[in-house]
Amino acid sequence: MRDAETKITAFVEKCREHGLSVTHQRLAIYEALLETRTTHPSAETIYKRVRRRYPTVSFNTIYKNLEMLEAMGVVQKVNILHQGARYDMPEQPHHHFICRGCEKIIDIFDPSFRELRKPAVGESDYHIDEWIIQWTGLCAQCSAAQAGSA
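Residues numbered from 1 in each chain as written. Predicted model: local features only at pLDDT ≥ 70, side-chain atom pairs only at ≥ 80, totals over all residues. Heavy atoms only, no water.

### Description of the pattern of salt bridges
As a reminder of what qualifies: Basic side-chain nitrogens of Lys or Arg form a salt bridge, by our definition, when they fall within 4 Å of a carboxyl oxygen of Asp or Glu. Put simply, DSSP marks the helices as runs of H or I at least four residues long and the strands as runs of E at least two long, and each gets a number from the N terminus on.
Evaluation of the coordinates by the stated rule reveals four salt bridges. The partner of Lys 7 in a salt bridge is Asp 3, and the shortest N-O contact between them spans 3.2 Å. Of this pair, Lys 7 and Asp 3 both sit in helix α1 (residues 2-17), separated by four residues, roughly a single helical turn. In this structure, the salt-bridge partner of Arg 49 is Glu 35, at a minimum N-O distance of 3.2 Å. Linking Arg 49 in helix α3 (residues 43-53) with Glu 35 in helix α2 (residues 24-35), this pair joins segments that are 14 residues apart in sequence.

See the structure below:
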């Protein structure tokens, strides 16, 4: 519980640093993200959770706030296989494995990725601030199920 309180306090401070008021809905969105962070929730999942507390909140409010939180660096958008985005709250740099069977997203923490260099191709044409590696394949359960059905 204390960890959640610390994160909420830091979130409130970050909003204020960016000149944003901390509305009940905004706080509820952040709390929903905290509660579902290991599952990389979709905007729809967050909407349903927030709507339990605030029945009049619109999906548009949720989506716009998620975009704002992404711009602030509070959340990271994870795009899965050309479908709707899911959201992650990265506390440390990491990458993702996405199962194309069950669409589970697994965080991959590997310090060696911090040593990757920017690509040299076309450096004069653009400036890279950060990059994210995303792998797709089948998780152990989906691999086993596919092998069993063959």
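### A closer look at the nonpolar core
Definition in use: Side-chain atoms within 4.5 Å link the members of a nonpolar core, which is a set of buried Ala, Val, Leu, Ile, Met, Phe, Trp, Tyr and Cys residues. Burial classification: accessible surface area is computed with a 1.4 Å probe over protein chains only, and a residue below 20% of its type maximum counts as buried, one above 50% as exposed, and the rest as partly exposed. What makes two residues a contact is simply this: any of their non-hydrogen atoms within 4.5 Å.
Ranked by size, the top nonpolar core spans 23 residues in total, and within it Leu 33, Ile 46 and Leu 69 carry the most contacts. If one sorts the elements of this core by residue count, α2 sits on top with six residues. For Ile 46, the residues in contact, after removing those within four places along its chain, are Ile 29, Ala 32, Leu 33, Pro 41, Ile 62, Leu 66 and Tyr 87.

### Quick look at the packing of aromatic side chains
Defined as follows: Note on aromatic contacts: the rings of Phe and Tyr and the six-membered ring of Trp form a pair at centre separations within 6.5 Å, being stacked when their planes are under 30 degrees apart, edge-to-face when over 60 apart, and tilted otherwise.
Under the defined criterion, the tally for this structure stands at three aromatic pairs. With 6.4 Å between their ring centres and 25 degrees between their planes, Phe 59 and Tyr 63 make a pair best called stacked. On the criterion of helical spacing, the pair formed by Phe 59 and Tyr 63 is a turn pair, its members being four residues apart in helix α4 (residues 59-72). According to the relative accessible area criterion, Phe 59 is partly exposed, its value standing at 35%. You can call Tyr 63 partly exposed: its relative accessible area is 31%.

### Brief notes about the packing of α2 against α3
Note the cut-off: Axis geometry follows a simple rule: fit a line to the C-alpha atoms, using only the stretch in contact for helices, then measure angles between N-to-C directions, giving values from 0 to 180 degrees. Geometric relationships in this document are graded by angle, where less than 35 degrees denotes roughly parallel, more than 145 denotes roughly antiparallel, 65 to 115 denotes roughly perpendicular, and other angles denote oblique. By convention, the crossing between two helices is left-handed when the near helix turns anticlockwise from the far helix through less than a right angle, and right-handed when the turn is clockwise. Residues are grouped as follows: nonpolar covers Ala, Val, Leu, Ile, Met, Phe, Trp, Tyr, Cys and Pro; charged covers Asp, Glu, Lys and Arg; every other residue, Gly included, is treated as polar.
With their axes 9 Å apart at the nearest point, α2 and α3 run at an angle of 125 degrees to one another. As the angle between them shows, α2 and α3 are arranged oblique. Taken as a pair, α2 and α3 cross one another with a handedness that is right-handed. In contact with Ala 28, Ile 29, Glu 31, Ala 32, Leu 33 and Glu 35 of α2, α3 contributes Ile 46, Arg 49, Val 50 and Arg 53. For the contact of α2 with α3, the class distribution of residues is six nonpolar, no polar and four charged.

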